[in-house]
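Structural characterization, general
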Amino acid sequence: MEPGPIAIFFAAIFTSNILLVNFLGMCSFLSISRELKASVGLGLAVTFVLTTTSLIAYLLNQYVLVPLEMEHLRYIVFIVVIAAFVQLVEIVIERISPVLYVNLGIFLPLITVNCAILGSLLFLVIREYDLWQSLAFGAGSGLGWMLAIVALAGIRQRMKYSKVPAALEGPGIALIITGLMSLAFVGFSGMIPIQ
Amino acid sequence: MITSLAIQVGVVAAIGALLAALIELADRFIANYGECRITINDEEERSLNVQGGGHLLGALAENKLFIPSACGGRGSCGLCKVKVLEGGGPLLPTEAPYLSATERKNNVRLSCQVKVRNNLRIEIPQELFAIKRYAGRAGKIIDQTHDMKQLDIELTEPETLDFKAGQYVQLTAPEYAKSDQPIYRAYSICSDPTDESTISLLIRRVPDGICTTWVFDYLKVGDQVELNGPHGEFCLQPTAREILFIAGGSGLAPIRSMLFQMRNEKIDRKATFYFGAQTSDDLCYLEQMAQFERDLPQFKFVPALSMPRDEDRWEGAQGLITDVLDAGEHEFAQAEAYLCGSPGMIDACIKVLLTHGMPQERIFYDKFA
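The structure presented is a predicted model; accordingly, all values stated were derived computationally and were not measured.

1. Topic: unusual backbone geometry
For residues other than glycine, phi is negative in most cases, and the peptide bonds are mostly trans. In the segment running from Glu 157 of chain B into Pro 158 of chain B, the intervening peptide bond is cis, with an omega of -15°. As for its placement among the helices and strands, Pro 158 of chain B is situated in the loop between β7 (148-157) and β8 (168-173). Residue Pro 230 of chain B is bonded to the preceding Gly 229 of chain B through a cis peptide linkage, with omega at -5°. Along the polypeptide, Pro 230 of chain B turns up in strand β11 (residues 224-231). The phi dihedral of Glu 69 of chain A falls on the positive side, at around 50°, and the residue is not glycine. In this fold, Glu 69 of chain A is placed in the loop between α3 (36-65) and α4 (74-96). Phi at Asn 41 of chain B is positive, roughly 50°, even though this residue is not glycine. Mapped onto the secondary structure, Asn 41 of chain B falls in the loop between β1 (35-40) and β2 (43-51).

Structure representation (structure tokens):
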């Protein structure tokens, strides 16, 4: 039986977490996870971009690309959509929270090249989701990415005073923690299987 | 085939255009901060109406209020500090490293980082109102040593520049063969502060330096020159203490200007000028220093060579400037010092002065960073 939008939503957060299961969107995940506040901000931005672009990607794919037999232009169209929405998020964040805007720095415009976004959009096309499934998958993937980065930021903040071997400080230990978190998330798999 | 290609290009272009329109709308409505009012020093006549959205430093510069900034607004020099009393928003992480705890408490901010999003109430030191942009002509360009030139600038617009001895100006090197954009560099004024129509800069050649190469190899007498200023607070303090001037290379510039001031104002304080150089080729203004010694009864010029050659036939002080200073007989604890030159020389000399008991707050310096 095909899973419904609610199942897909929770699956995208837990069992098929875009970051901890598919390992997409790692660079900003490692760089912005030093501070909880900034990681929440970036997580929200990624969630917003993923949700809106999933909806638009679905509509464009279903009503423009497929009827006109232009599926081969999917990459370029999706990338243009993502780029535009990231610009929009930049304008909004700069307006409502200048501190977050400066904290996110270069990683805010870099959401454009965050493979998690393009990966998710391509997943929903490959898996042939309908409108509600696409929206649920987009929002779920974004929240799943946010959950992962916020969890890592929480752990890294607590680890500030831990003694980490010099060679593993920074991204090294963050990658090891990510691996452990990923193992923990494997425990969820099988609960709601999606492709 | 061609129709299908045209449709595909058309569709992608249409999607792109739609998205561009969406961003344009967001820019027009969300990123529109409207007209904002900047109240300066609570004086109505000094208030400015500016278009919101830009940085405070730029908004002030557009209104001919120049806050000193060595990095040109990139947030890396920490010089463009102003007090933002209202409307500046929270302190940004890019400003934090440049502000002390006291400055933070007093609402000091970096004007290149604060954005004008709403009405602002700010405080600017009075002397900054005097900073202007000047245009002039290159007058005399005189070789002072093998690598130092004195550049006289005859001001044309405005025709006079009122500065205090010790201050500096920012000279603009225009676009030329070695630089594809105008850049500005700071140089101390070395001329007499009473001569407001011609200002002189002592410029030492920096290998491959954009501005110095322009001055040394491209600038001709009569060429147009632009600058802004005066900047800086490296000035003679109004006390009666003994003075120790210490300089190396073109660090002599602000001190020469201070000596003019002492002569003009008949400041008869005990003063010694330690000037560090490697060989006699690096010495300049010897005649003039001798004249200052004649005009100022308590002034003494002590040039010191660290690497004198045989042909120099040098009979004056020898060694590093720190050693010569160390051997000098002064009441260090009662005197005050004015240092100008490279950061290495200044730091080394400050150490010597502190060991001789000179309090830190009486050591004034201008580092060529």
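There's plenty left to go through after this.
2. Let's talk about the interface of chain B and chain A
If you look at the interface, chain B gives 22 residues, while chain A gives 22 residues. Note that Glu 94 of chain A and Lys 115 of chain B form a salt bridge whose closest N and O atoms lie 2.2 Å from each other. Taken together, the links from chain B to chain A amount to 5 residue pairs in polar contact (both at pLDDT 80 or more). A class-by-class count of the residues in the side of chain B that touches chain A yields 15 nonpolar, 4 polar and 3 charged.

3. Some points on the pattern of salt bridges
Residues and elements named next belong to chain B. Under the defined criterion, the tally for this structure stands at 19 salt bridges over all chains. The salt bridge partner of Asp 42 is Arg 121, with a shortest N-O separation of 2.9 Å. With Asp 42 in the loop between β1 and β2 and Arg 121 in strand β5 (residues 120-123), this pair connects stretches of sequence that are 79 residues apart. Measuring nitrogen to oxygen at the nearest pair gives 3.2 Å for the salt bridge that ties Glu 86 to Arg 121. One end of the pair, Glu 86, is in strand β3 (residues 81-86); the other, Arg 121, is in strand β5, and 35 residues separate them in sequence.

4. Section: helix α7 (residues 131-158) of chain A
The first and last C-alpha atoms of α7 of chain A sit 41 Å apart over 28 residues, in line with the 40 Å expected at 1.5 Å per residue. Taking the backbone nitrogen of Trp 132 of chain A as reference, a side-chain oxygen 3.2 Å away marks Asp 130 of chain A as the first, capping residue of α7 of chain A.

5. Overview of the confidence of the model for chain A
When pLDDT is averaged across chain A, the result is 88; 99% of the residues are at 70 or more. Mean pLDDT in chain A bottoms out at helix α5 (residues 98-104) of chain A, which sits at 82, and peaks at α7 of chain A, which reaches 93.

6. Structural notes on the layout of surface pockets
Residues and elements named next belong to chain B. Of the pockets and cavities examined, the largest pocket occupies roughly 1,700 Å³. As for the largest pocket, its lining consists of 44 residues, of which Leu 79, Tyr 168, Ala 186, Asp 366 and Lys 367 are closest to the centre. Counting only elements with at least two residues in the lining of the largest pocket, the list comes to β8, β9 (183-188), β10 (198-204), α4 (210-218), β11 and β17 (363-367). Among the elements that make up the lining of the largest pocket, the one with the highest residue count is β9 (6 residues). Across the lining of the largest pocket, the residue classes tally to 25 nonpolar, 10 polar and 9 charged. Lining the second largest pocket we find 22 residues, and of these Arg 204, Gly 248, Gly 249, Gly 276 and Ala 277 sit closest to its centre. Within the residue set of the lining of the second largest pocket, elements represented by two or more residues are β13 (271-277), β14 (299-305) and α7 (321-327).

7. Structural notes on the confidence of the model for chain B
All names here are of chain B. With 99% of its residues at a pLDDT of 70 or more, chain B has an overall mean of 90. Across chain B, the element-wise mean pLDDT spans from 86 in β9 up to 96 in helix α5 (residues 252-264). Reported confidences for the modelled complex are a pTM of 0.59 and an ipTM of 0.78.

8. A few points about the pairing of β13 of chain B
All names here are of chain B. Most of β13 is tucked away, with 7 of its 7 residues classed as buried. Burial of β13 is two-sided: the residues Ala 271, Phe 273, Phe 275 and Ala 277 facing one way and the residues Thr 272, Tyr 274 and Gly 276 facing the other way are all buried. Taken together, the 6 bridges between strand β12 (residues 243-248) and β13 define a ladder with parallel strand orientation. Paired with Leu 244 across the two strands is Thr 272, which belongs to β13. Two elements, β13 and β14, share 7 bridges in a ladder whose sense is parallel. When the sheet's bridge partners are listed, Gly 276 is paired in β14 with Ala 304. Crossover connection from β13 via helix α6 (residues 286-295) to parallel β14: handedness right-handed.

9. Describing the nonpolar core
By size, the foremost hydrophobic cluster in this structure holds 64 residues, and its most contacted members are Phe 29, Phe 78 and Trp 145 of chain A. Take this core: its biggest share by element is 11 residues, from α4 of chain A. With 32 residues, the next largest nonpolar core counts Met 148, Phe 273, Ala 277 and Leu 296 of chain B among its residues.

10. Some words on the sheet that holds β12 of chain B
All names here are of chain B. The strand order β15-β14-β13-β12-β16-β17 describes an open sheet built from 6 strands, whose pairing is parallel. In this open sheet, the two edge strands, each paired with only one partner strand, are β15 (317-318) and β17. Packed on one face of the sheet, α5 meets β12, β13, β14 and β16 (336-341) and runs near 145° to β12. This element, helix α8 (residues 343-355), spans β12, β16 and β17 of the sheet and lies at about 160° to β16.

11. Quick look at the side chain of Thr 39 of chain B
All names here are of chain B. By the element assignment, Thr 39 lies in strand β1. Classification of Thr 39 by relative accessible area gives buried; the value is 17%. Apart from residues lying up to four places away in sequence, Thr 39 is in contact with Ser 47, Leu 120, Arg 121 and Ile 122.

12. Considering the pairing of β5 of chain B
Residues and elements named next belong to chain B. Only one face of β5 is covered, namely the one carrying Leu 120 and Ile 122; the face carrying Arg 121 and Glu 123 has none of its residues buried. For β3 and β5, the ladder comprises 3 bridges, and the chain directions are antiparallel. By the bridge assignment, Lys 83 is partnered in β5 with Glu 123.

13. What to know about the packing of α4 of chain A against helix α1 (residues 2-29) of chain B
Contact geometry for α4 of chain A and α1 of chain B: axes closest at 10 Å, N-to-C directions at 0°. Between α4 of chain A and α1 of chain B, the interaxial angle falls into the category roughly parallel. Side by side, α4 of chain A and α1 of chain B meet where Val 77, Val 80, Val 81, Ala 84, Phe 85, Gln 87, Leu 88 and Ile 91 of chain A of the first sit next to Val 12, Ile 15, Gly 16, Leu 19, Leu 22, Ile 23, Ala 26 and Asp 27 of chain B of the second.

14. Comments concerning the environment of Leu 108 of chain A
Residues and elements named next belong to chain A. Of note, Leu 108 is situated in the loop between α5 and α6 (115-126). Overall, Leu 108 belongs to the buried group, its relative accessible area being 1%. The spacing of Leu 108 and Val 46 is 62 residues in sequence and 9.0 Å in space, taken between C-alpha atoms. If near-sequence neighbours (up to four positions away) are discounted, Leu 108 is found in contact with Ala 45, Val 86, Val 89, Glu 90, Ile 93 and Tyr 101.

Cut-offs and rules
Residues numbered from 1 in each chain as written. Chains lettered and ligands numbered in written order. Predicted model: local features only at pLDDT ≥ 70, side-chain atom pairs only at ≥ 80, totals over all residues. Heavy atoms only, no water. Helix = DSSP H or I, 4+ residues; strand = E, 2+ residues; numbered from the N terminus. Contact = heavy atoms within 4.5 Å. Salt bridge = Lys/Arg side-chain N within 4 Å of Asp/Glu carboxyl O. Polar contact = N/O pair within 3.5 Å; in protein donor to acceptor, adjacent residues only side chain to side chain. Nonpolar A, V, L, I, M, F, W, Y, C, P; charged D, E, K, R; others polar. Expected span 1.5 Å × (residues − 1). pLDDT = per-residue confidence, 0-100. 1 Å grid on protein atoms, 1.4 Å probe; cavity = no way out; pocket = protein on both sides within 12 Å on 5 of 7 lines; lining within 4 Å. Points joined across faces, edges and corners; volume = space filled by probe spheres on them. Buried < 20%, exposed > 50% of the residue type's maximum accessible area, 1.4 Å probe, protein only. Pairing = 2+ DSSP bridges. Right-handed = clockwise from strand over helix to strand, strands pointing away. Core = buried A, V, L, I, M, F, W, Y, C linked by side-chain atoms within 4.5 Å. Axes fitted to C-alpha atoms, helices over the stretch in contact; angles between N-to-C directions. Parallel < 35°, antiparallel > 145°, perpendicular 65-115°, else oblique.

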